[in-house]
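Structural overview
Listed below are the residues making up each chain.
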Amino acid sequence: MSFQNPVFIPGPTNIPEVVRKACDMPTVDHRSPIFGRILHPVRENVRKVLKSDSASVYIFPSTGTGGWEAAITNTLSPGDKVLIARNGMFSHKWIDMCQRFGLDVHVVETPWGVGIPAAKFEEILTEDSGRAIRAVLATHNETATGVVSDIAAVRAAMDAANHPALLLVDGVSSIGSMDFRMDDWGVDVAVTGSQKGFMLPAGLAIVGFSEKARGCIATAKLPRTFFDIRDMDKGYANNAYPYTPAVGLMNGLLTSSDMLLDEGLDNVFARHRRIATGVRAAVDAWGMALCAASPEVQSDTVSAILTPPGFDANRIVSHAATAYDMAFGVGLGEVAGKLFRIGHLGSLTDAMMLSGIATAEMVMVDLGLDITLGSGVAAAQKTFLLGKPRTTKAAA
Ligand SMILES: *Cc1c(COP(=O)(O)O)cnc(C)c1O
């Protein structure tokens with residue numbers, strides 16, 4: 001087993017060496033001023049990555065799933081009605097959490113491979129004349145299907161219905177790799193984790209609350225202790241936490257968010273767009289199709305690739321691991337065995353991606369699929385040729 005290869009799973013992602021080093025630090029007293037020199041700039045950097053001028057950022061020792069819980073428990077009460085589409089494993093799991101918390105969940109069943117149906121949301125919100133729906137929940141990027149949804153369109157649907165519900169968005173596999181505009185899209189709670197776009201090990205839930213969402217905290221009655229924003233606010237006011245923070249990971253987040261901001265968010269997004277375009281060109285050259293049903297919903301952070309009927313797609317993932325020490329993602333839930341996933345978010349270059357495409361070809365040829373060696377690599381190379389945006393930062 002070699003650890004030399006990059007991973008091509010859609011999280012956890014590859015960790016840059018400087019970020020690993022930043023996480024590896026001596027014990028810091030988290031009640032001392034030194035901790036404040038990590039905490040405050042980290043919150044500020046994350047706010048910039050979320051593209052918000054005013055969001056309050058909270059960082060929990062947890063994962064993205066904990067971020068979902070922080071989003072709903074701090075803003076909603078038992079029995080509150082929420083609206084959400086189920087179009088993949090992650091929206092499915094957020095729905096399950098809402099149901100377990102006793103929320104009244106209006107689920108819009110949506111084919112896996114399709115984005116959030118904003119027009120249907122507008123219809124439902126318009127019909128909700130009593131304004132019973134307290135929150136609209138949206139998974140920006142369905143990591144299970146490689147489908148990105150149009151959050152601006154969801155916001156437009158809410159505005160067209162003149163509906164006051166909160167907009168809670170799971171940006172776990174988009175934030176830091178794909179454009180995310182908390183303020184422009186009127187997002188009330190943005191959720192992510194450390195191990196995707198932020199290029200860190202798992203261990204942090206990262207959430208941004210709008211002023212409007214913060215206004216709900218006092219009246220929200222869902223049970224919460226660990227994720228209670230009120231305790232976090234008290235802690236943050238004193239450079240501290242209600243419990244022991246994951247200081248090393250937060251120091252790593254300071255470095256990784258600096259990296260994103262130094263590269264320039266637009267350059268980061270362009271890099272992911274270019275790499276994703278190369279992967280899509282390879283898939284096309286292989287004569288295969290994506291789970292994402294149309295070009296406008298194809299994700300720039302993960303490609304879910306359908307395999308021929310009757311072929312167990314999990315074999316690609318297990319053979320890649322055993323024969324080539326390379327990690328691809330399996331299909332989840334409804335699409336298990338029907339597709340495999342190439343993750344291309346976080347720390348990734350064109351050259352790294354070419355190695356992933358080349359290995360996927362060897363794996364598929366080994367398993368008897370009708371693939372010409374080099375066909376996908378050549379297609380991606382054509383996409384990458386001189387494709388790198390020439391920025392001063394990149395040239396330095
Ligand atoms: C990874 C992921 C999650 C879950 O995050 P964890 O850190 O594994 O708890 C939630 N939503 C999406 C879209 C994800 O990709």
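Above this text you will find the structure in question.
A brief structural summary.

Definitions and cut-offs
- Residues numbered from 1 in each chain as written.
- Predicted model: local features only at pLDDT ≥ 70, side-chain atom pairs only at ≥ 80, totals over all residues.
- Heavy atoms only, no water.
- Helix = DSSP H or I, 4+ residues; strand = E, 2+ residues; numbered from the N terminus.
- Rg over C-alpha atoms; globule rule 2.2 N^0.38 Å.
- Contact = heavy atoms within 4.5 Å.
- Areas by Shrake-Rupley, 256 points an atom, 1.4 Å probe, with all protein chains shown as cover.
- Lys, Arg positive; Asp, Glu negative; His and termini not counted.
- Charge placed at Lys NZ, Arg CZ, Asp CG, Glu CD.
- Buried < 20%, exposed > 50% of the residue type's maximum accessible area, 1.4 Å probe, protein only.
- Pairing = 2+ DSSP bridges.
- Near = heavy atom within 4 Å.
- Polar contact = N/O pair within 3.5 Å; in protein donor to acceptor, adjacent residues only side chain to side chain.
- Nonpolar A, V, L, I, M, F, W, Y, C, P; charged D, E, K, R; others polar.
- Arc of directions from axis to C-beta.
- Axes fitted to C-alpha atoms, helices over the stretch in contact; angles between N-to-C directions.

1. Concerning the overall build of the protein chain
- Helix and strand counts for the protein chain come out as 14 helices and 13 strands.
- For 396 residues, the compact-globule estimate of 2.2 N^0.38 gives 21 Å, and the C-alpha radius of gyration of the protein chain, at 21 Å, lies within 12% of that figure.
- Dimensions along the principal axes, computed over C-alpha positions, put the protein chain at roughly 60 × 55 × 35 Å.
- Counting contacts in the protein chain only where the partners sit at least 6 residues apart, residues at least 24 apart contribute 72% of the total.
- If you sum the accessible surface of the protein chain, you get close to 15700 Å²; carbon and sulfur atoms cover 54% of it.
- In the protein chain, 35 positive and 40 negative side-chain charges are present, and the distance between their average locations comes to 4 Å.

2. Some thoughts on the pairing of strand β1 (residues 56-61)
- Judged by how many residues are buried, β1 sits mostly within the fold: five of six residues are covered.
- Relative to strand β9 (residues 204-209), β1 is paired through six bridges, and the arrangement is antiparallel. Bridged to V57 within β9 is G208.

3. As for the site of the ligand
- What surrounds the ligand is the set T63, G64, T65, W68, F90, N141, T143, D170, V172, S173, Q195 and K196.
- Within the contact set of the ligand, an oxygen atom lies 2.5 Å away from a side-chain nitrogen or oxygen of T63.
- Starting from 380 Å² of accessible surface for the ligand in isolation, the protein chains cover 88%.
- Tallying contributions element by element places helix α3 (residues 64-73) first for the shell around the ligand, with three residues.
- Its residues assigned to classes, the shell around the ligand shows three nonpolar, seven polar and two charged.

4. A few points about the sheet that holds strand β10 (residues 289-290)
- Spatially, β10-β11-β13-β12 is the arrangement adopted by the four strands of the open sheet, whose pairing is antiparallel. Looking at the sheet topology across the chains shown, the edges are occupied by β10 and β12 (329-330).
- Of the pairings in the sheet, the one linking β10 to strand β11 (residues 302-306) comprises two bridges and is antiparallel in character. Looking at the pairing, L290 lines up with I305 of β11.

5. Looking at helix α6 (residues 151-160)
- Of all the residues in α6, the buried ones are I151, V154, R155, A157 and M158. Angular distribution of buried residues about the axis of α6 spans 155°; they occupy a single face of the element.
- Among the structural elements, α5 (118-127), β4 (133-139) and β7 (166-170) are those in contact with the buried residues of α6.
- At the N-terminal end of α6, a side-chain oxygen is found 3.2 Å from the backbone nitrogen of A152, two or three residues along, and the residue is D150.
- Within two residues after α6, N162 carries a phi angle of roughly 50°, on the positive side.

6. Quick look at the sheet that holds strand β8 (residues 189-193)
- Within the open sheet, the seven strands sit side by side as β1-β9-β8-β7-β4-β2-β3. Their pairing is mixed. Two strands lie at the open edges of the sheet, namely β1 and β3 (104-109), each paired on one side alone. Within the sheet, the average angular offset between the axes of one strand and its neighbour, ignoring direction, is 20°.
- Where β8 and β9 come together, five bridges link them in antiparallel fashion. When the sheet's bridge partners are listed, A190 is paired in β9 with G208.
- Against the sheet, α3 engages β1, β4, β7, β8 and β9, with an angle of about 160° to β8.

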